[in-house]
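So the chains spell out like this:
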Amino acid sequence: MSSNFVKGLEGLVVAQTALSRVEGQMGRLTYRGYAIHDLARQATFEEIAYLFWQGELPTRAQLDDLKMQLAHARMVPPNVMQLARQLPKEADPSDALRTLVSALGAGKPLQKPDLSEAMMLTAQVPVLLAAFHRARTGAEFIPPRGDLDHTANYLYMLSGEMPTPAQSKALNVYLILLADHGLNASTFAARVIASTLTDLYACITGALGALKGPLHGGAPSRVIEMIEKIGTKENADAWMREAFARKERLMGFGHRMYKAEDPRAEILRELARETADPALFDLAFNVEATALRLLHESKPAERIYTNVEFYSAVILHSVGLPKDMFTPTFAVSRMVGYTAHILEQLADNRIMRPDAEYIGPAPRVVKKIEDR
Ligand code: ACO
């Protein structure tokens, strides 16, 4: 029997989207037609959220209105705040966030996801994360501040201190760059779940489960660990050759879509050059160069480049986030993409139900248990 089985669904088109376009051969990424470089330079995270949710960049009045709505939507129900304080302190923040998003949906009637719920959940994800992070470190919860934007408020709630303009700028650019990326694994998961007409909390809970895997959004904490283990630029070559010998993958390199440099990596590299501790940047830059040399040497046919996660790790470290907060901070950004994709899926829905090629035994007879 012939089949169209494609391992990893590579190259299969299973949805249409007007949200983001990944042109991997050219290393190009656009959001609703706008080049990511231009958006990173000129926009704020809230403008990107508006662009994805409403289709156009906002006017000043529309932006002010969205910021006000997001600020008002930050109030998390008391039972979920309590749960954030009760979760085991050693829980991975990605798991805590997934649990808290699921808890937000518990007790709500099954409702078709809509824009106001999308905004509410996007506004509350940073609050949930900050609540868990403060509780696990034995610190008091810091309530959100309505006068701060999404980025500054998140950093403020985590540390209790006002971020510097450089920290806010760096995280704002990071959040813009990570907001959406075609049909990546977690967004695909969100769309599959949405296609069953379940609620928004179920869709996002599933997406967050997919996001934390090391082949996807779980990579950046491992990038920092790798850089720390390597320690000096002189050690990079030997360390990586040993990693190859153990058949390990180098985190922060390779991408299913990009066969040229990921444009987000390029922007984040320059941002890291401006923002990060110069010694860390210098080490990361040398580790990157060594990794690319060795990857091209060992897999010349694969065209492996730096992916978004490599310098994301450097940026997130530089704005003061602990390693285990890197992946859930990715989720703070990707909430916009997830919710926009879910709404897009529902605007023209058909349940996603692909097929599997059966490769098990041919039909056979069930023997009585004594005869097996
Ligand atoms: N280190 C070492 N080898 C690699 C790497 C890497 N980072 N990336 C790909 N390869 C090798 C693979 O071992 C494979 O070789 P093989 O066939 O001899 O085993 C070949 O290149 C092709 O790899 P695939 O896994 O088939 O490529 P795919 O497109 O499916 O995977 C992926 C892309 C998962 C991102 C991969 O490059 C990887 O594992 N990278 C490291 C993890 C990482 O950085 N993840 C973050 C991705 S970005 C994001 O999700 C936001």
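1. Observations regarding the site of the ligand
For step 1, the next point in the chain: Around the ligand there are 21 residues in total, and His 216, Arg 249, Leu 250, Phe 253 and Lys 299 lie nearest to it.
For step 2, the next point in the chain: Side-chain polar atom of His 216 to an oxygen atom of the ligand: 2.8 Å apart, as the coordinates give it.
For step 3, the next point in the chain: Here Arg 256 contributes a side-chain N or O atom positioned 3.0 Å from an oxygen atom of the ligand.
For step 4, the next point in the chain: Relative to its free-state accessible area of 920 Å², the ligand is covered by the protein chains to the extent of 74%.
For step 5, the next point in the chain: Residue composition of the shell around the ligand, by class: 11 nonpolar, 5 polar and 5 charged.

2. Here's the deal with the nonpolar core
For step 1, the next point in the chain: Ranked by internal contacts, the top residues of the largest apolar core, which has 116 residues, are Tyr 31, Trp 53, Ile 204, Leu 250, Phe 253 and Phe 310.
For step 2, the next point in the chain: Ranked by the residues each element gives to this core, the list is headed by helix α6 (residues 115–136), at 11 residues.

3. Structural notes on the pairing of strand β1 (residues 20–23)
For step 1, the next point in the chain: Of the pairings in the sheet, the one linking β1 to strand β2 (residues 28–31) comprises 4 bridges and is antiparallel in character. For Ser 20, the partnering residue across the bridge sits in β2 and is Tyr 31.
For step 2, the next point in the chain: If you look at the hairpin formed by β1 and β2, you'll find 4 residues sitting between the two strands, and Gly 27 has a positive phi there, around 65°.

4. As for the packing of aromatic side chains
For step 1, the next point in the chain: Under the defined criterion, the tally for this structure stands at 5 aromatic pairs.
For step 2, the next point in the chain: Here the aromatic rings of Phe 253 and Phe 310 are separated by 5.1 Å at their centres, their planes lie at 45°, and the arrangement is tilted. Highlighted residues: Phe 253 in the loop between α12 (236–245) and α13 (263–275) and Phe 310 in helix α15 (residues 308–318), separated in sequence by 57 residues. Residue Phe 253 shares its accessibility class with Phe 310, and that shared class is buried.
For step 3, the next point in the chain: Among the aromatic side chains, those forming a connected cluster through ring pairs are Phe 253, Phe 281, Phe 285, Phe 310 and Tyr 311.

5. Section: the pattern of salt bridges
For step 1, the next point in the chain: Throughout the structure, instances matching the rule amount to 20 salt bridges.
For step 2, the next point in the chain: Between Arg 293 and Asp 237 there is a salt bridge, and its shortest N-O distance comes to 3.1 Å. Placement of the pair is Arg 293 in helix α14 (residues 278–298) and Asp 237 in helix α12, with a sequence separation of 56 residues.
For step 3, the next point in the chain: Asp 237 gets classed as partly exposed once you look at its relative accessible area, which sits at 23%.
For step 4, the next point in the chain: Where Asp 262 meets Arg 264, a salt bridge forms, and the shortest distance between an N and an O atom there is 2.8 Å.
For step 5, the next point in the chain: By relative accessible area, Arg 264 is classed as buried at 2%.
For step 6, the next point in the chain: One salt-bridge network, held together by shared partners, links Asp 237, Arg 241, Arg 293 and Glu 297.

6. A look at the domain arrangement of the chain
For step 1, the next point in the chain: Here the chain is partitioned into domain 1 (33–214 + 327–347) and domain 2 (219–318).
For step 2, the next point in the chain: The partner domain 2 presents 20 residues to the 19 residues of domain 1 that form the contact.
For step 3, the next point in the chain: Both faces combined, the contact of domain 1 with domain 2 buries some 1,500 Å², and carbon together with sulfur accounts for 69% of it.
For step 4, the next point in the chain: Seen at the junction of domain 1 and domain 2, the total is 1 salt bridge.
For step 5, the next point in the chain: Lys 169 is the salt-bridge partner of Glu 274, the closest N and O atoms lying 3.3 Å from each other.
For step 6, the next point in the chain: In this structure, the connection of domain 1 to domain 2 is made through 3 residue pairs in polar contact (both at pLDDT 80 or more).
For step 7, the next point in the chain: For the side of domain 1 that touches domain 2, the elements supplying multiple residues, two or more each, are α1 (36–42), α8 (165–177) and α16 (326–347).

7. Re the sheet that holds β1
Each strand in a sheet pairs with its neighbour through backbone hydrogen bonds, running either in the same direction (parallel) or in the opposite one (antiparallel).
For step 1, the next point in the chain: An order of β1-β2-β3 is seen for the 3 strands of this open sheet, with the pairing classed as antiparallel. The outermost strands of the open sheet, each flanked by one partner alone, are β1 and β3 (34–35).

Each value, and the rule that gives it
- Residues numbered from 1 in each chain as written.
- Predicted model: local features only at pLDDT ≥ 70, side-chain atom pairs only at ≥ 80, totals over all residues.
- Heavy atoms only, no water.
- Near = heavy atom within 4 Å.
- Polar contact = N/O pair within 3.5 Å; in protein donor to acceptor, adjacent residues only side chain to side chain.
- Areas by Shrake-Rupley, 256 points an atom, 1.4 Å probe, with all protein chains shown as cover.
- Nonpolar A, V, L, I, M, F, W, Y, C, P; charged D, E, K, R; others polar.
- Core = buried A, V, L, I, M, F, W, Y, C linked by side-chain atoms within 4.5 Å.
- Buried < 20%, exposed > 50% of the residue type's maximum accessible area, 1.4 Å probe, protein only.
- Helix = DSSP H or I, 4+ residues; strand = E, 2+ residues; numbered from the N terminus.
- Pairing = 2+ DSSP bridges.
- Phe/Tyr/Trp six-rings, centres within 6.5 Å; stacked < 30°, edge-to-face > 60°.
- Salt bridge = Lys/Arg side-chain N within 4 Å of Asp/Glu carboxyl O.
- Domains from an automatic or database assignment.
- Contact = heavy atoms within 4.5 Å.
- Buried area = accessible area lost by both parts, 1.4 Å probe.

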